[in-house]
Amino acid sequence: MEKVQGEMEIERWERSEEISEAEKKVIQETWSRVYANCEDVGVSILIRFFVNFPSAKQYFSQFKHMEDPLEMERSLQLRKHARRVMGAINTVVENLNDSEKVSSVLALVGKAHALKHKVEPIYFKKLTGVMLEVIAEEYANDFTPEAHGAWTKMKTLIYTHVTAAYKEVGWAQYPTATL
């Protein structure tokens, strides 16, 4: 199949590296400690995400006008969304050995955010980057260079599958800019 240069660049940029069995184990071990505090970590991730990328709040009517991180932290709606985000990631982590389940879960997330919520897919790249930052800081003792490499592949896996779902539903505003 012939591709135009722009499409080749996007496809190469999105392609995720295979996560080895050893890396899956590292991700699952790290995640078990993170998920033990899932709501607090999820809230930390979302607050940093919204502070660093305030334009992302436009998709959340319940807290899009909140500027104060402490107010965000107390928001029941933000906490609820944090639990949902962490739950989805947990399902992916628990099923790293079942590629069909991973694809299915992330396709559902992608399609819902594309069709129902109309969220620009680039926000998933930003969110997964923030997720890595927060986990690396809050679990510094567990976040070895090996863990960082494995989680970088995990971040790419999430973004690749979610954006594939956007493409599948014909998302017109597909991002071509890099961060």
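For clarity, every value in this text was computed on a predicted model and none was experimentally measured.

J.: Honestly, the confidence of the model for the protein in this entry has me stumped. Any pointers?
T.: For any part of a model where pLDDT is low, the fine detail of the predicted coordinates should not be relied upon. On average, the protein scores 88 in pLDDT, and the residues at 70 or more come to 87%. Confidence drops under pLDDT 50 across residues 1-14; counting only partners more than four residues distant or on other chains, this segment forms 15 contacts.

J.: Just to check I follow, could you spell out the packing of aromatic side chains for this structure?
T.: Counted according to the given criterion, the structure contains 11 aromatic pairs. Taking 5.6 Å as the distance between ring centres and 75° as the angle between the ring planes, the aromatic pair formed by Tyr 59 and Tyr 123 counts as edge-to-face. Linking Tyr 59 in the loop between helix 3 (38-52) and helix 4 (69-74) with Tyr 123 in helix 7 (residues 122-138), this pair joins segments that are 64 residues apart in sequence. You can call Tyr 123 buried: its relative accessible area is 9%. On the numbers, 6.3 Å between centres and 70° between planes, the contact of Phe 124 with Tyr 166 is edge-to-face. Taken together, the positions of Phe 124 in helix 7 and Tyr 166 in helix 8 (residues 145-168) put the pair 42 residues apart, joining distant regions of the chain. Classification of Phe 124 by relative accessible area gives buried; the value is 10%. Exposure remark for Tyr 166: the relative accessible area of 0% places this residue in the buried category. Among the aromatic side chains, those forming a connected cluster through ring pairs are Phe 49, Phe 50, Phe 53, Tyr 59, Phe 60, Phe 63 and Tyr 123. Its end group placed over the ring of Tyr 159, Lys 125 keeps NZ or CZ at 5.9 Å from the ring centre.

Conventions used here
Residues numbered from 1 in each chain as written. Predicted model: local features only at pLDDT ≥ 70, side-chain atom pairs only at ≥ 80, totals over all residues. Heavy atoms only, no water. pLDDT = per-residue confidence, 0-100. Contact = heavy atoms within 4.5 Å. Phe/Tyr/Trp six-rings, centres within 6.5 Å; stacked < 30°, edge-to-face > 60°. Helix = DSSP H or I, 4+ residues; strand = E, 2+ residues; numbered from the N terminus. Buried < 20%, exposed > 50% of the residue type's maximum accessible area, 1.4 Å probe, protein only. Lys NZ or Arg CZ within 6 Å of the ring centre and 35° of its normal.

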